[in-house]
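Residues per chain are reported as follows:
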Amino acid sequence: MPATKKIAVEASGPASPGYWAEACKHLMKKDRVMKRLIPQYGDAALQTRGDAFGTLARSIVGQQISVKAAQTVWDRFAALPRAMTPAAVLKLKIDDMRAAGLSARKVEYLVDLALHFDAGKLHVDGWHGMEDEAIIAELVAIRGIGRWTAEMFLIFHLMRPNVLPLDDVGLINGISQNYFSGDPVSRSDAREVAEAWKPWCSVATWYIWRSLDPLPVTY
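Below, the structure is looked at part by part. (Residues numbered from 1 in each chain as written. Predicted model: local features only at pLDDT ≥ 70, side-chain atom pairs only at ≥ 80, totals over all residues. Heavy atoms only, no water.)

1. Regarding the side chain of Arg-160
Using the following cut-off: Runs of E in the DSSP output that reach at least two residues are strands. Runs of H or I that reach at least four are helices, and both are numbered from the N terminus. Accessibility here uses a 1.4 Å probe with only protein chains present; expressed as a share of the type maximum, an area under 20% marks a residue as buried, one over 50% as exposed, and anything in between as partly exposed. Under the rule applied, a polar contact is a pair of N or O atoms within 3.5 Å (in protein, one hydrogen donor and one hydrogen acceptor; residues adjacent in sequence only if both atoms are side-chain atoms).
Looking at where Arg-160 falls in the secondary structure, it is placed in the loop between helix H9 (147-156) and helix H10 (169-179). Classification of Arg-160 by relative accessible area gives buried; the value is 2%. At 3.0 Å, the side chain of Arg-160 forms a polar contact with the backbone oxygen of Met-130.

Below you can see the structure in the form of structure tokens.
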């Protein structure tokens, strides 16, 4: 499937990618672990909220803390602005953001993110037609966004099908447990395993995450 294919997002709620069934069929045919994992999770699939700014803000809030802690902080932060928009975030008081549980650095990152969106520095309308690496390059220019955050954006917002986030601890741990009986795994080991996943590395990664935590994460 070409990476530039647009994904329809319903305004009524999270949407899943149209390629999911095809990807699952391919993965179950090519990979013994996927053949075992995929049927365990029924119709569950990757979902996007359809909100670029909100997805990136969530990923910044969630950096270096547990999923549970991230949700708690996000809920407090999201209650501050009238709407989760760049302009509204820029109007917030720093003290209020800190009181929500955000570190001083994360406050700086969120403000810089809002400034980039508000000033039109990002090619938001052009992302669907851009290559993955070009989008990553644009996003990592924002303070607080590294390659991992950009890759989470590609997976959870743009729903790109073939992203392999090698900096993701969960992916590496999941590959260790599912393919190497818990032994340590290098990036090259992970790449070798993922050869069988192409061109659906994002989908396989999602199922590896599920093997560690059955509750799907959305950004």
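Right, picking up where we left off after that structure.
2. A word on unusual backbone geometry
Of note, the bond from Lys-198 into Pro-199 is cis; its omega dihedral lies within 30 degrees of zero at 5°. With respect to the helices and strands, Pro-199 occurs in the loop between helix H11 (187-194) and helix H12 (201-212). Its identity is not glycine, yet Gln-64 carries a phi of approximately 60°, on the positive side. Along the chain, the position of Gln-64 falls in the loop between helix H3 (52-61) and helix H4 (67-78). At Ser-181, a residue that is not glycine, the phi angle is positive and equals roughly 55°.

3. Quick look at the layout of surface pockets
Quick note on the threshold: Cavity: a set of points on a 1 Å grid over the protein atoms alone where a 1.4 Å probe fits but cannot get out. Pocket: an open set with protein on both sides within 12 Å along at least five of seven lines, its lining residues, like those of a cavity, having an atom within 4 Å of a point. Grid points are joined across faces, edges and corners, and a volume is the space filled by probe spheres set on the points.
Approximately 870 Å³ is the volume attributed to the largest pocket. Forming the walls of the largest pocket are 32 residues, and the residues nearest its centre are Ile-65, Val-67, Trp-148, Val-217 and Tyr-219. Broken down by secondary-structure element, the contributors of at least two residues to the lining of the largest pocket are H3, H4, H9, H10 and H12.

4. Description of helix H8 (residues 132-139)
To keep things clear, this is the line we draw: Working definition: the arc comes from the directions between the helix axis and the C-beta atoms, pointing outward to the latter. The contact definition used throughout considers only heavy atoms, calling two residues in contact when any of these lie within 4.5 Å.
Restricting attention to buried positions, one finds in H8 the residues Asp-132, Ile-135, Ile-136, Glu-138 and Leu-139. Across the axial projection of H8, the buried residues extend over an arc of 160°, all falling on one side. Check the buried side of H8 and you find it contacts H3 and H9.

5. So, the packing of aromatic side chains
So the rule is basically this: Stacked, tilted and edge-to-face are the three classes applied to pairs of Phe, Tyr and Trp rings, where Trp contributes its six-membered ring and a pair requires centres within 6.5 Å; stacked means planes under 30 degrees apart, edge-to-face means over 60, and tilted covers the rest.
Across all of its chains, the model carries eleven aromatic pairs by this definition. Judged by centre distance (6.3 Å) and plane angle (45°), the ring pair of Tyr-41 and Tyr-207 falls under tilted. Of this pair, Tyr-41 sits in the loop between helix H2 (32-37) and H3 while Tyr-207 sits in helix H12, and the two are 166 residues apart along the sequence. For the residue pair Tyr-41 and Tyr-207, the accessibility class agrees, reading buried in each case. A ring pair is formed by Phe-53 and Phe-117, whose centres lie 5.4 Å apart and whose planes are at 75°; its orientation type is edge-to-face. Of this pair, Phe-53 sits in helix H3 while Phe-117 sits in helix H7 (residues 104-118), and the two are 64 residues apart along the sequence. With relative accessibility at 17%, the residue Phe-117 sits in the buried group. Counting every residue linked through ring pairs, the aromatic cluster contains Trp-20, Tyr-41, Trp-206 and Tyr-207.

6. Topic: the pattern of salt bridges
To be explicit about the condition: A side-chain nitrogen of Lys or Arg and a carboxyl oxygen of Asp or Glu constitute a salt bridge if their distance falls within 4 Å.
Counted under the stated rule, the structure contains six salt bridges. Between Glu-108 and Arg-143 there is a salt bridge; the shortest N-O distance is 2.9 Å. You can see Glu-108 sitting in helix H7 and its partner Arg-143 sitting in the loop between H8 and H9, a full 35 residues away along the chain. Note on Arg-143: relative accessible area 44%, which makes it partly exposed.

7. Focus: the packing of H10 against H12
Just so we agree on the cut-off: Only the stretch in contact is used when a helix axis is fitted, and all axes are lines through C-alpha atoms; the angle between N-to-C directions ranges over 0 to 180 degrees. Oblique is the label for any angle not under 35 degrees, not over 145, and not in the 65 to 115 range, which are roughly parallel, roughly antiparallel and roughly perpendicular in turn. Polar here means any residue other than Ala, Val, Leu, Ile, Met, Phe, Trp, Tyr, Cys and Pro, which are nonpolar, and Asp, Glu, Lys and Arg, which are charged; Gly is therefore polar.
Axis separation between H10 and H12 bottoms out at 9 Å; the angle between their running directions is 75°. If you check the angle between H10 and H12, you find them roughly perpendicular. Residues Gly-170, Leu-171, Asn-173, Gly-174, Ile-175, Gln-177, Asn-178 and Tyr-179 of H10 form the contact with H12, whose participating residues are Thr-205, Ile-208, Trp-209, Ser-211 and Leu-212. Taken together, the residues of the contact of H10 with H12 break down into six nonpolar, seven polar and no charged.

8. Focus: the environment of Asn-173
By the secondary structure assignment, Asn-173 is in helix H10. Spatially, the C-alpha atom of Asn-173 lies 8.4 Å from that of Leu-212, the residues being 39 residues apart in sequence.

9. A few points about the packing of H3 against H4
Our working definition: Crossings are classed by handedness, with left-handed meaning an anticlockwise turn of the near helix from the far one by less than a right angle and right-handed meaning a clockwise turn.
Running from amino to carboxyl end, H3 crosses H4 at an angle of 130°, the nearest separation of the two axes being 9 Å. Considering the angle they form, H3 stands oblique to H4. Note that H3 runs across H4; the crossing there is right-handed. Contacts from Gly-54, Ala-57, Arg-58 and Val-61 of H3 reach H4 at Ala-70, Gln-71, Val-73, Trp-74 and Phe-77. A class-by-class count of the residues in the contact of H3 with H4 yields six nonpolar, two polar and one charged.

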